[in-house]
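Structural overview
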Amino acid sequence: MTKAPQQSLKPILRISFPEQERLGRGKMELLEHIRETGSISAAGRAMDMSYRRAWLLISELNHMFREPVVESQRGGQKGGGAVLTPFGEELLQRFRSMEGAVRAAIAGDLEWLEANRSDGDVASGP
């Protein structure tokens, strides 16, 4: 029987704001999909998320900051759509930069964890 290769360890950045608001990889991925598709509903579908859930996350993001992160236009003759604002683009870039800084800062510790983690074959017991 062949063992499946282990996944690499990956730090996850999440920033908690007052009032239980959070900024993390899910919202950033949603922003990336909106940038690619120009649509909140298409971005939600790309993440197996309902339009309502995607819209609620964007609404939350827009209320977390002084400036809007995403601007949307309702359907009509030209159809609807959504775009990241310049602030939204900067937020996404800065978050991705923070993720890189975290990975770089703890690279040695991640290597140590990787070298010392179990491969799943170690018997556990008292």
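Scroll up a little and you will see the structure.
Notes on the structure in this doc start here.

Positioned with a positive phi, glutamate 19 is a non-glycine residue whose angle comes to about 70°. Inspection of the secondary structure puts glutamate 19 in the loop between strand S1 (14-16) and strand S2 (22-24). With a phi close to 55°, aspartate 48 is a non-glycine residue in the positive phi region. Positionally, aspartate 48 belongs in the loop between helix H2 (40-46) and helix H3 (51-64).

The next thing to look at is the nonpolar core. In this structure, Leu30, Leu31, Ile34 and Leu61 are the most contacted members of the largest nonpolar core, which totals 23 residues. For this core, the elements supplying multiple residues, two or more each, are helix H1 (25-37), H2, H3, strand S4 (81-84) and helix H4 (86-105). No other element matches the 5 residues that H3 contributes to this core. Non-local contacts of leucine 31, meaning those with residues more than four positions away in its chain, are made with Ile58, Leu61, Val69, Val70, Leu84, Leu91 and Leu92.

With that settled, consider the packing of H1 against H3. Axis separation between H1 and H3 bottoms out at 11 Å; the angle between their running directions is 105°. On the basis of the axis angle, H1 is roughly perpendicular to H3. Here Lys27, Leu30, Leu31 and Ile34 of H1 come into contact with H3, specifically with Ala54, Leu57, Ile58, Glu60, Leu61 and Met64. Here the residues of the contact of H1 with H3 sort into 8 nonpolar, no polar and 2 charged.

What counts and what doesn't
Residues numbered from 1 in each chain as written. Predicted model: local features only at pLDDT ≥ 70, side-chain atom pairs only at ≥ 80, totals over all residues. Heavy atoms only, no water. Helix = DSSP H or I, 4+ residues; strand = E, 2+ residues; numbered from the N terminus. Core = buried A, V, L, I, M, F, W, Y, C linked by side-chain atoms within 4.5 Å. Buried < 20%, exposed > 50% of the residue type's maximum accessible area, 1.4 Å probe, protein only. Contact = heavy atoms within 4.5 Å. Axes fitted to C-alpha atoms, helices over the stretch in contact; angles between N-to-C directions. Parallel < 35°, antiparallel > 145°, perpendicular 65-115°, else oblique. Nonpolar A, V, L, I, M, F, W, Y, C, P; charged D, E, K, R; others polar.

These results come straight from atomic positions and should not be treated as a statement about function.
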